[in-house]
Amino acid sequence: METAPSKATQHSIKPRQRFRELSDAERAKSLRETLALRSGEEPLWVFGYGSLMWKPCFDYDHVEDARLEGHARSFCIWTVIARGSLENPGLGLGLRRREGRVGGKLFRLSEATLGEGLHALWDREMLTGIYRPHWLKFEGEGGERRAITFVVDESHPQFAGELELRSQAEIIAAAVGKFGRCRDYLAETLQALDRSGLRDDGMGELLRQVDLIVVGEY
Amino acid sequence: MEEAHRSRADDLRAYDNPASAFGRIEEIYQESASMLCAGLDGFMKKGIAPHLEGACYPYLGITAESEGFTSSTSRAYGTLAAPGAFGATLTRPDLFKSYYLEQLGHLLLNHPGPVFVGRSRQQIPLPFVVEAVENGGNEARVRQIQSHFPMPDLRRIDDSIANGTYELEPGDPQPLTLFGAERVDFSLVRLSHYTGTSPEYFQRFVLFTNYQRYVDEFIEYGLDEIQNGDTYKCFVGPGNDVTHNPRLTEKREVRGHPSKAPQMPAYHLMRDKHLGITLVNIGIGPSNAKTITDHLAVLRPHCWIMVGHCGGLRKSQDLGDYVLAHAYARSDHVLDEDLPPWVPVPPIAEVQVALTQGVADICHLEEAELKSRLRTGTVFTTDDRDWELRRQDLAQQMHYSRAIAVDMESATIAANGYRFRVPYGTLLCVSDKPLHGELKMPGMANRFYQERVAQHLKIGISTMESLRDQGVESLHSRKLRSFDEPAFR
């Protein structure tokens, strides 16, 4: 059984309306601008740290574990469609500039379907503009790799700000969206990390708290 | 930007996203097909004359401005050759979904959009939507249908874009694809007729053979993969006889039988996005080889390879040795009007390497032994099965060309691959040595030959799998493309 968020979370400013979606033309422009920074014939790598790890939307011919310095994975963006609703908004993952390192997966996209794959990726990650595509350097299994990843724009209205772990757990426990429960999104991400031996203790604790709320023990 | 396409289409809408553009292409095609079906139904049941003005192929166009124009150099296709307007009619989005999305993806990555999708003024011929309509009644009825419904018009169906001989009316967009929609539909009907299998089953890696035993082995291999493997989702034979892989789908088998034996039966070991393997037994001769490749080309395969038998022209060859064609003497003549015989048909490096590796792996041959059992050289393809009766004439040509093998299909398949930008290759097995007294006779084969024959098809399959696994991108070579190439692969 799911419970509604308690009053403890009411202080965070929940979204009251859907966020403006970028037009196809804006999205295509962002993609072309990002690609303009690709150097020569370098293979195109994309770093996934959330649902891309377990549900990529492009063809790839290689995948490996990787780490990124100076960034952290965080449930810091509102989702009112995919894993939440306007009544019960959910939280999605974003990459924030922080001390420390974050683990995830690097995908080398198949060249034959590159255009189609990148458009699908931009449709998914650049729906509203809460993320900014960045080329960053990662520590992959084959050494240093340059790849595209999506970093949160903290000035965007969809940014949920700094939320206590408990508040995050309450929001996630209550949210359900077009693609299912927000809790399952967290669990799938954690499983993908565990399968690769990429520890994320904060995420494990968050899931534990969400599940306690869901079964009514909190 | 849109104006440039108004001479070809109505109701144009702009899209910056491949999936949205494809959605509109699908919608237009389905509306047109439904109009034809409803029109035919009304005509047959109530004699109502159909209204089919809008039952047309979808149109796709793009205009590239001169300012800031660049052609992408990252791959041999997917980019416009010059600024200007480009357009094409498209068909069967159900069949070409992965292909259209892939090409639209490249186009919108390499050039600022939008693309325009609209309704072309080219009506879809009824037989390309409703199968077997011509068998649906008596002669008079058929004639009535023909006068009320659009029918294929050969004046519009040709290979002028592929051959580079098209002429544009002033203001017409340049071609965006190698084939217009009607040319594609024409081939889809022919493919079904000649192979006994529907076009949707064809895969993008194609093996051709002229030897029934390879068909038997392919069936055995295919069914074993379906029963025990998890790579291929189903196996399909003539009559659209489908065996599903129970581990990959819950679909039930569909037992089909061809109404009559097809001339060039095809077998398909299927994977998603058509990335499995098709084998076609093309029988003997360049005429069949041209026919099948003329039609298969519209499905835009990643590679086609001939695995057949040949006459060895060197004394040092043994029966059962392999021949890897590095060049072709085109004495098949069937393509002379489409591709002059003086045009060299270059080998595709990736295919040559994969075939060589396939022989080494399957036959467990090391370098020195590999060289003696696998000869690389020119294959002489003739259109005369009894060329031996003209030995005097042909021996001179074989001398000029330094040919090491003679057959009746390889050069045709390679030349048509070149013509249609489909990567090609040839690996033959020596079955006789006509210049050295070992003519093809029943029962002459030795044990060594038998063993090599058994390995030959496996080499073809293994080559296709390795080409697929290493990524198809590099296969689509620039050497198959011209300076004014259409953007769609």
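See the structure shown above.
Residues numbered from 1 in each chain as written. Chains lettered and ligands numbered in written order. Predicted model: local features only at pLDDT ≥ 70, side-chain atom pairs only at ≥ 80, totals over all residues. Heavy atoms only, no water.

Help me understand helix α7 (residues 286-296) of chain B in this model?
The periodicity of an α-helix, 3.6 residues per turn, causes residues three or four positions apart to be oriented the same way. Residues and elements named next belong to chain B. Most of α7 is tucked away: 10 of the 11 residues are buried. Among the residues of α7, those classed as buried are P286, N288, A289, K290, T291, I292, T293, D294, H295 and L296. On its buried side, α7 packs onto α5 (181-195), β6 (205-209), β10 (277-281), β11 (303-312), β13 (374-382) and α11 (410-419). (Buried < 20%, exposed > 50% of the residue type's maximum accessible area, 1.4 Å probe, protein only. Helix = DSSP H or I, 4+ residues; strand = E, 2+ residues; numbered from the N terminus. Contact = heavy atoms within 4.5 Å.)

Explanation requested: the packing of helix α5 (residues 182-195) of chain A against helix α6 (residues 201-214) of chain A in the structure shown.
Packed helix pairs are specified by the crossing angle of their axes together with the interaxial distance, meaning the distance between the axes. Residues and elements named next belong to chain A. As a packed pair, α5 and α6 sit with axes 10 Å apart at the nearest point and diverge in direction by 145°. Remark: the crossing between α5 and α6 carries left-handed chirality. Between α5 and α6, the contacting residues are R183, L186, A187, T189, L190 and L193 on the first element and M203, G204, L206, L207, V210 and D211 on the second. In terms of residue class, the contact of α5 with α6 is made up of 8 nonpolar, 2 polar and 2 charged. (Axes fitted to C-alpha atoms, helices over the stretch in contact; angles between N-to-C directions. Left-handed = near helix turned anticlockwise from the far one by under 90°. Nonpolar A, V, L, I, M, F, W, Y, C, P; charged D, E, K, R; others polar.)

Got a minute to help me understand the nonpolar core in this structure?
General note: in soluble globular proteins, nonpolar side chains tend to be found buried as a group. Of all hydrophobic cores here, the largest spans 110 residues; its most connected members are L176 and F208 of chain B. Setting aside residues no more than four positions away along its own chain, F208 of chain B makes contact with V280, I282, I292, T293, L296, W304, I305, M306, V307 and I413 of chain B. If you look at the next biggest cluster of nonpolar residues, it comprises 65 residues, including L22, L44, I130 and I171 of chain A. (Core = buried A, V, L, I, M, F, W, Y, C linked by side-chain atoms within 4.5 Å.)

What exactly am I supposed to notice about the pattern of salt bridges here?
For side chains of opposite charge, pairing can occur when their charged atoms come near one another. Under the criterion given, the structure shown has 53 salt bridges over all chains. R146 of chain A is the partner of E42 of chain A in a salt bridge, and the nearest nitrogen-oxygen pair spans 3.0 Å. Of this pair, E42 of chain A sits in the loop between α1 (24-35) and β1 (45-48) while R146 of chain A sits in strand β5 (residues 143-152), and the two are 104 residues apart along the sequence. For E42 of chain A, a relative accessible area of 16% gives the class buried. In this structure, K290 of chain B and D294 of chain B form a salt bridge, with 2.7 Å as the shortest nitrogen-oxygen distance. With K290 of chain B and D294 of chain B both in helix α7 and 4 residues apart, the pair spans about one turn of that helix. By relative accessible area, K290 of chain B is classed as buried at 19%. Judged by its relative accessible area of 10%, D294 of chain B is buried. (Salt bridge = Lys/Arg side-chain N within 4 Å of Asp/Glu carboxyl O.)

How should the interface of chain B and chain A be read in this particular structure?
Accessible area lost when the parts come together is the quantity often used to give the size of an interface. Taken residue by residue, the interface counts 21 residues in chain B and 17 residues in chain A. Buried area between chain B and chain A, summed over both chains or domains, comes out near 1500 Å², and the portion from carbon and sulfur atoms is 51%. It is D16, N17 and L109 of chain B that lose the most area in chain B upon contact with chain A, and together they represent 35% of the buried surface on that side. Seen at the junction of chain B and chain A, the total is 2 salt bridges. For the salt bridge of D59 of chain A with K273 of chain B, the shortest nitrogen-to-oxygen distance reads 2.8 Å. Here chain B is connected to chain A by 7 residue pairs in polar contact (both at pLDDT 80 or more). Contributions of two or more residues to the side of chain B that touches chain A are made by α1 (18-46) and α2 (93-110) of chain B. Tallying contributions element by element places α2 of chain B first for the side of chain B that touches chain A, with 7 residues. When grouped by side-chain class, the residues that make up the side of chain B that touches chain A number 7 nonpolar, 9 polar and 5 charged. (Buried area = accessible area lost by both parts, 1.4 Å probe. Polar contact = N/O pair within 3.5 Å; in protein donor to acceptor, adjacent residues only side chain to side chain.)

I keep staring at unusual backbone geometry and nothing clicks. Help me out?
Both trends apply: most residues other than glycine have a negative phi, and most peptide bonds are in trans. Residues and elements named next belong to chain B. Omega for the peptide link from G113 to P114 comes to 0°, which places this bond in the cis form. If you trace the backbone, P114 turns up in the loop between α2 and β4 (115-123). Here the phi dihedral of H274 falls at roughly 60°; this positive angle occurs in a residue that is not glycine. Of note, H274 is situated in the loop between β9 (266-270) and β10. Since its relative accessible area comes to 16%, H274 is described here as buried. The phi dihedral of R300 falls on the positive side, at around 50°, and the residue is not glycine.

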